[in-house]
Amino acid sequence: MSAYVVVKVLVTNWDRYKEYMKLTPSTIEKFGGRFIARGGQIITLEGPEETRRMVLLEFPSLERVKEWYNSEEYREAKKFREGAATASLVVVEGV
């Protein structure tokens with residue numbers, strides 16, 4: 001069953017964050033993941049206005065998400081996000 005990672009990011013240092021953005025695609029692909037949405041236009045339909053950067057990832061399974069997130073490759077990439085952004089990553093299984 002597919003699993004989706006919903007990411008909300010408040011970027012505070014774009015120069016450093018761009019380095020993170022360069023490194024993450026290969027780590028995601030290695031674990032069978034792909035981008036569904038990556039920083040496009042956001043429209044809030046209900047609730048408080050969302051102004052953070054949004055990313056949506058799809059992986060073949062919840063297990064593959066966990067393998068990606070805990071991988072050495074992603075840990076190295078994530079270092080470039082530290083001090084450049086605060087993020088929330090939530091995983092939901094598909095139907």
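Look up a bit, the structure's there.
Keep in mind that what you see is a predicted model, and the values were worked out from it rather than measured.

Undergrad: Tell me about the packing of aromatic side chains, and name the residues and values.
TA: Summed over the entire model, instances satisfying the criterion amount to 7 aromatic pairs. Their ring planes at 40° and their centres at 5.3 Å tell us that Y17 and Y20 sit as a pair that is tilted. You can see Y17 and its partner Y20 sitting in helix α1 (residues 14–30), 3 residues apart, about one turn around the helix. Judged by relative accessible area, which is 2%, Y17 ranks as buried. Taken together through their ring pairs, the aromatic side chains of W14, Y17, Y20, F59, W68, Y69 and Y74 make up a single cluster.

Undergrad: Now, about α1: what can you tell me, with residues and values included?
TA: Here α1 contains 17 residues, and its C-alpha end-to-end distance of 25 Å stays within 8% of the 24 Å for a straight helix at 1.5 Å per residue. Along α1, the sharpest kink reaches roughly 30°, centred on T24 and followed within four residues by the proline P25. Those residues of α1 not exposed but buried are Y17, Y20, T24, P25, T27 and I28. The elements touched by buried residues of α1 are β1 (3–11), β2 (34–38), β3 (53–59), α2 (62–69), α3 (72–78) and β4 (85–93). Where α1 begins, one side-chain oxygen reaches toward the backbone nitrogen of D15, 3.2 Å away; that side chain belongs to N13. Of the residues one or two after α1, G32 is the one with positive phi, at around 80°.

Undergrad: Break down the pairing of β1 for me, citing the residues and quoting the values.
TA: Here β1 shows a clear split, with A3, V5, V7, V9 and V11 buried on one side and none of Y4, V6, K8 and L10 buried on the other. Note that β1 and β3 share 7 bridges and pair antiparallel. Among the inter-strand pairings, V6 is bridged to a residue of β3, identified as L56. Here β1 pairs with β4 via 9 bridges, running antiparallel. Across the sheet, residue V5 finds its bridge partner in β4, namely V91.

Quick notes on the rules
Residues numbered from 1 in each chain as written. Predicted model: local features only at pLDDT ≥ 70, side-chain atom pairs only at ≥ 80, totals over all residues. Heavy atoms only, no water. Phe/Tyr/Trp six-rings, centres within 6.5 Å; stacked < 30°, edge-to-face > 60°. Helix = DSSP H or I, 4+ residues; strand = E, 2+ residues; numbered from the N terminus. Buried < 20%, exposed > 50% of the residue type's maximum accessible area, 1.4 Å probe, protein only. Expected span 1.5 Å × (residues − 1). Bend = angle between axes of the 7 residues up to and from the residue. Contact = heavy atoms within 4.5 Å. Polar contact = N/O pair within 3.5 Å; in protein donor to acceptor, adjacent residues only side chain to side chain. Pairing = 2+ DSSP bridges.

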